[in-house]
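Read off the chains here:
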Amino acid sequence: MTLKNLRLLKRAVLGLVLAAATAPAQLLPANAHVNLYFPQIVDGGSSAQQWQTAINFTNPNAVPATVKLEFYADDGGPLNLDFGDGPSDTASVSIPAFGSRTIRTKLASEQILSGWGFGAADVPVLATLTFTQIVDGVPKLSVSAPPTVPGFNYLYPANYFLSVAVANGLTSAPVSVTMTLMNSSGEVVGQDLLALPPNGHTAFTLWQRFTGLDSSFEGSLRLAPNGPQDFNPFVAW
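Only a predicted model underlies this, so the values are computations on that prediction, with no experimental measurement involved.

K.L.:
What should I look at first to understand the sheet that holds strand β13 (residues 188-196) in this one?
P.N.:
Paired through their backbone hydrogen bonds, the strands of a sheet run either parallel or antiparallel. Reading across from one edge, β10-β15-β12-β13 is the order of the four strands in this open sheet, with antiparallel pairing throughout. Two strands bound the open sheet, and with one partner strand each, they are β10 (154-159) and β13. Taken over all neighbouring pairs, the strand axes of this sheet differ in orientation by 25° on average, direction set aside.

Spelled out as C-alpha cells, the structure:
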C-alpha cells in the first residue's frame, strides 16, 4: 500500500470514528440522568415569607420521556405537595422529544413544608430545581441547582452562611453522617452528627449546627458516614 493510500485509509477510518461519535445515540449531555435526587424541596409559608419550588426538565432524546417523582418529609414519611393537581407525595411529568416541562408548587400550605425528592425517568433527562423566596407576594431571591447522585463522601467550601441539605435515599435503613468542619488551614474546628431515618431529611445553615462559629469563618465542610458499621450512601447539597 502506498503512503498516499495509507493516508486515505486513515482519513476514512477517522471519518467513521467521527460519524459514530456524532451519531444521535452519542449526543446525550453528560449531565442527563435517569435517577434524579433533589436533596431539598420547600414550599409554602405565610405571606411574610413564602418559598416555592420549581423543577424544569429537558428531554435531549428523540423519543418522549416520562419522569415519576416521589417526595419525602423530614421523618421519611410522605411529603404532600401541590403542583396543580392537589396535594400528593407523587407526581408524573411527560416531556416531548427534545422538549421541556416545568412544574411549580402552588404555595398551598400556610406552613413551610420541607423535604426532598427523587425522580425516575425512563430515558436520561436534564433537570434543574429552583427555590424562590417570596415576601408579601414579591419574589426576592432565587437559587437553582441540578440534581445530585448518592455518595459516601462530600466536601464543600464553607462559610458562616452555608446552607446544607442531606437526605437518606435508602428505604430500609437509617443513615448516620458525620459533619467535619475545617478552617482554611485544614484544621478541624468542629464536628457534629446527623442521624436520618429511612428516607429522612434535614436542612440547616452552618451557624445553626455549629454554635459559636464566627461570622467571618471560611473553610470547608466534609460529610461522611459515621463509621464502617454505617457505610451507607446518602445525598447532599
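Moving on from the model shown.
K.L.:
What am I meant to see in the packing of aromatic side chains here?
P.N.:
Aromatic ring pairs: the centre-centre distance and the angle between the two ring planes describe each pair. For the coordinates displayed, the defined rule picks out eight aromatic pairs. Ring geometry for Phe131 and Trp237: centres 6.2 Å apart, planes at 85°, overall edge-to-face. Here Phe131 is found in strand β8 (residues 113-135), whereas its partner Trp237 is found in the segment after β16 (235-236), with 106 residues between them in sequence. Overall, the relative accessible area of 12% leaves Phe131 in the buried class.

K.L.:
I'm lost on unusual backbone geometry in this one. Help?
P.N.:
Most peptide bonds take the trans form, and the phi angle of most residues other than glycine is negative. Positive phi, close to 60°, is recorded for Phe98, a residue that is not glycine. As for its position among the elements, Phe98 is in the loop between β6 (90-95) and β7 (100-104). With a phi close to 65°, Asn199 is a non-glycine residue in the positive phi region. By the secondary structure assignment, Asn199 is in the loop between β13 and β14 (201-205).

K.L.:
Any chance you could explain the sheet that holds β14 here in plain terms?
P.N.:
Sheet architecture is open: three strands sit in the order β14-β11-β16, paired in antiparallel fashion. With partners counted over all chains shown, the strands left at the sheet margins are β14 and β16, one partner each. Taken together, the two bridges between strand β11 (residues 163-167) and β16 define a ladder with antiparallel strand orientation. For Val166, the partnering residue across the bridge sits in β16 and is Ala236.

K.L.:
Sorry if this is basic, but what is going on with the pattern of salt bridges here?
P.N.:
Side chains that carry opposite charge are capable of pairing whenever their charged atoms lie near each other. Under the definition given, this model contains one salt bridge. Two residues, Asp192 and Arg209, come together in a salt bridge whose shortest N-O distance is 2.9 Å. Pair noted here: Asp192 is in strand β13 and Arg209 is in helix α2 (residues 206-209), with a separation of 17 residues, a long-range link.

K.L.:
Just to check I follow, could you spell out the environment of Asp74 for this structure?
P.N.:
Position of Asp74 among the secondary structure elements: in the loop between β3 (65-73) and β4 (81-82). Look at Asp74 and you get partly exposed, because its relative accessible area is 37%. When the C-alpha atoms of Asp74 and Val166 are compared, they prove to be 9.9 Å apart, with 92 residues separating the residues in sequence. If near-sequence neighbours (up to four positions away) are discounted, Asp74 is found in contact with Ser114, Gly115, Pro197, Gly200 and His201. A distance of 2.6 Å separates the side chain of Asp74 from the side chain of His201, its partner in a polar contact.

Reading the values: rules and limits
- Residues numbered from 1 in each chain as written.
- Predicted model: local features only at pLDDT ≥ 70, side-chain atom pairs only at ≥ 80, totals over all residues.
- Heavy atoms only, no water.
- Pairing = 2+ DSSP bridges.
- Helix = DSSP H or I, 4+ residues; strand = E, 2+ residues; numbered from the N terminus.
- Axes fitted to C-alpha atoms, helices over the stretch in contact; angles between N-to-C directions.
- Phe/Tyr/Trp six-rings, centres within 6.5 Å; stacked < 30°, edge-to-face > 60°.
- Buried < 20%, exposed > 50% of the residue type's maximum accessible area, 1.4 Å probe, protein only.
- Salt bridge = Lys/Arg side-chain N within 4 Å of Asp/Glu carboxyl O.
- Contact = heavy atoms within 4.5 Å.
- Polar contact = N/O pair within 3.5 Å; in protein donor to acceptor, adjacent residues only side chain to side chain.

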